[in-house]
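Per-entry structural report
Residues per chain, in single letters:
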Amino acid sequence: MKLYSGPLSLFTAKVRIALAEKGLAYERVEVDWNSRDRYLPHHLEVAALNPKGQVPVLVDGDVVVCDSTLILIHLEEAHAGTPLLPEGAAGRARARQFEAWADEIVFPAVWGVIEETFYPAAPEGRDAARLEAAQARLAQHHATLEKELAGRTWLCDGAFSIADIGVMVFLGAAASMGVPPSQEHVHLAAWMQRCGERASIQDEFAEMAAFSQAALAG
Ligand SMILES: N[C@@H](CCC(=O)N[C@@H](CS)C(=O)NCC(=O)O)C(=O)O
């Protein structure tokens with residue numbers, strides 16, 4: 001298997017974590033990224049494989065899968081290794097719903113934080129109102145998760161799943177950029193700690209932190 005991967009791509013991070021959790025070997029092709037041009041020009045092979053030109057892209061034999069959510073489902077259907085979806089339709093629906101929620105609802109707030117804190121400021125300066133709005137939306141998501149995680153070890157019954165991967169990647173990134181859950185969110189904080197103790201997630205965040213430090217320094 002070959003994974004086209006972005007060094008700081010949170011969508012690729014979801015896939016890298018799933019591959020590590022499932023213990024699957026793969027070749028990693030890192031696309032270029034820098035804080036000014038971001039992913040442009042697109043990697044030629046990625047542009048040929050994905051009409052959107054985006055990473056992650058997985059090439060698994062003859063099968064090409066673009067989009068992190070679709071890749072997570074493909075890994076589950078096509079490969080053995082630790083399952084990352086619960087048993088049964090209801091559990092699977094819950095896991096997929098959380099994973100989609102993370103991408104569609106949580107990520108836009110995290111993106112606001114990334115653009116207003118991590119990327120170089122636009123010539124007209126930082127947009128403080130955008131950052132504040134993103135922080136407020138994240139606080140709402142933290143409160144939702146605090147309720148969901150009361151009495152639970154993981155977001156879905158039974159075991160760690162794609163739901164935990166999707167949500168943790170974005171909330172962990174927000175926390176690393178100065179927007180962690182507030183102290184009253186004890187269930188959420190405990191869950192984030194449990195996630196962070198897993199080697200797959202620890203390694204992923206350590207690698208992204210080292211890369212972003214080097215990128216910002218250079
Ligand atoms: N919905 C896609 C989003 C992928 C995405 O936004 N990838 C970014 C990096 S995190 C990218 O390749 N951006 C380059 C571009 O859009 O030009 C997924 O889940 O994989």
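Going by the structure above, here's the rest.
Parameters at a glance
- Throughout, a residue's number is its position along its own chain's written sequence, starting from 1.
- Side-chain atom pairs in this predicted model are given and counted only at pLDDT of 80 or more, local residue features only at pLDDT of at least 70, and totals for whole chains, interfaces and linings cover all residues.
- By convention in this description, side-chain values take in all heavy atoms of the structure and omit both hydrogens and water.
- Secondary structure elements follow DSSP: runs of H or I no shorter than four residues count as helices, runs of E no shorter than two count as strands, and numbering proceeds from the N terminus.
- Nearness here has a simple test: a residue counts as near a molecule or strand if at least one of its heavy atoms is within 4 Å of that partner.
- We define a polar contact as two N or O atoms separated by no more than 3.5 Å, with the added condition that, inside protein, one atom must be a possible hydrogen donor and the other a possible acceptor, whereas residues neighbouring each other in sequence contribute only through side-chain atom pairs.
- Every accessible area reported is derived by Shrake-Rupley at a probe size of 1.4 Å, with residue values counting cover from the shown protein chains alone.
- Think of a 1 Å grid over the protein atoms and nothing else: a 1.4 Å probe that fits but is trapped marks a cavity, an open set flanked by protein within 12 Å on at least five of seven lines marks a pocket, and residues with an atom within 4 Å of a point count as lining.
- Placement in a cavity or pocket follows one criterion, namely that more than half of the molecule's atoms lie within 2 Å of its grid points.
- Amino acids are sorted into nonpolar (Ala, Val, Leu, Ile, Met, Phe, Trp, Tyr, Cys and Pro), charged (Asp, Glu, Lys and Arg) and polar (every other residue, Gly among them).
- Lines fitted to C-alpha atoms define the axes here, with helix axes fitted over just the stretch in contact, and angles between the N-to-C directions of these axes take values from 0 to 180 degrees.
- The cut-offs work like this: below 35 degrees is roughly parallel, past 145 is roughly antiparallel, 65 to 115 is roughly perpendicular, and the gaps in between are oblique.
- Left-handed describes a crossing whose near helix is turned anticlockwise from the far helix through less than a right angle; right-handed describes the clockwise counterpart.
- Contacts are assigned to residue pairs with any non-hydrogen atoms lying within 4.5 Å of each other.
- What a helix should span is 1.5 Å times the count of its residues minus one.
- Only protein chains enter the accessibility calculation, which uses a 1.4 Å probe; a residue is then buried when its area is under 20% of its type maximum, exposed when over 50%, and partly exposed in between.
- For two strands to be treated as a pair, DSSP must find at least two bridges joining them.
- Each Phe, Tyr or Trp ring (for Trp, its six-membered ring) is paired with any other whose centre lies within 6.5 Å, and the angle between the two planes then decides the class: stacked below 30 degrees, edge-to-face above 60, tilted in between.

1. Some details on unusual backbone geometry
Glycine aside, the phi torsion of most residues is negative, and most peptide linkages are trans. For the peptide bond that leads from Leu40 to Pro41, omega is -5°, which places it in the cis range. Position of Pro41 among the secondary structure elements: in the loop between strand E2 (27–30) and helix H2 (44–49). Here the residue pair Val55 and Pro56 is connected by a cis peptide bond, since its omega of 5° sits within 30 degrees of zero. Structurally, the position occupied by Pro56 is in the loop between H2 and strand E3 (57–60). Residues other than glycine seldom take positive phi values, yet Arg38 does so here, at roughly 55°.

2. Observations concerning the site of the ligand
In the vicinity of the ligand, the residues found are Ser9, Phe11, Tyr39, His42, Gln54, Val55, Pro56, Asp67, Ser68 and Asp103. Separating an oxygen atom of the ligand from a side-chain N or O atom of His42 is a distance of 2.6 Å. Val55 places a main-chain nitrogen or oxygen 2.8 Å from a nitrogen atom of the ligand. When the free accessible area of the ligand is taken as 510 Å², the share hidden by the protein chains comes to 76%. According to the grid-proximity analysis, the pocket containing the ligand is the largest pocket. When the residues that make up the shell around the ligand are grouped by side-chain class, the tally is four nonpolar, four polar and two charged.

3. Things to note about the packing of helix H4 (residues 89–118) against helix H6 (residues 162–176)
It is the contact of H4 with H6, at a shortest axis distance of 7 Å, that shows an interaxial angle of 15°. Regarding the angle of H4 to H6, the classification is roughly parallel. H6 is crossed by H4, and the crossing has left-handed handedness. Across the interface between the two elements, Ala95, Arg96, Phe98, Glu99, Trp101, Ala102, Asp103, Val106, Phe107 and Val110 of H4 pack against Ile162, Ala163, Gly166, Val167, Phe170, Leu171, Ala173 and Ala174 of H6.

4. Quick word on helix H1 (residues 10–22)
A rise of 1.5 Å per residue sets the reference length of H1, with its 13 residues, at 18 Å; its end C-alpha atoms lie 18 Å apart and thus fit the reference within 8%. Taking burial as the measure, the 13 residues of H1 include eleven buried ones, the bulk of the element. Those residues of H1 not exposed but buried are Leu10, Thr12, Ala13, Lys14, Val15, Arg16, Ile17, Ala18, Leu19, Glu21 and Lys22.

5. Side note on the sheet that holds E2
Across the sheet, which stays open at both edges, the four strands sit in the order E2-E1-E3-E4 with mixed pairing between neighbours. The two strands at the open ends of the sheet, each matched to only one other strand, are E2 and strand E4 (63–66). Taking the axes of each pair of neighbouring strands and ignoring which way they run, one obtains an average angle of 15° across the sheet. Where strand E1 (residues 2–5) lies against E3, three bridges are found, and the strand directions are antiparallel. Paired with Tyr4 across the strands is Val57, a residue of E3.

6. Quick word on the packing of aromatic side chains
Going through the model one piece at a time under the given rule, you end up with eleven aromatic pairs. Taking the centre distance of 5.5 Å and the plane angle of 65° together, the rings of Phe11 and Phe170 count as edge-to-face. With a gap of 159 residues between them, Phe11 in helix H1 and Phe170 in helix H6 connect regions that are remote in the sequence. Between Phe118 and Tyr119 the ring centres are 5.6 Å apart and the planes differ by 75°, which places this aromatic pair in the edge-to-face class.

So, to be careful, I would describe these as geometric facts and stop short of saying anything about function.
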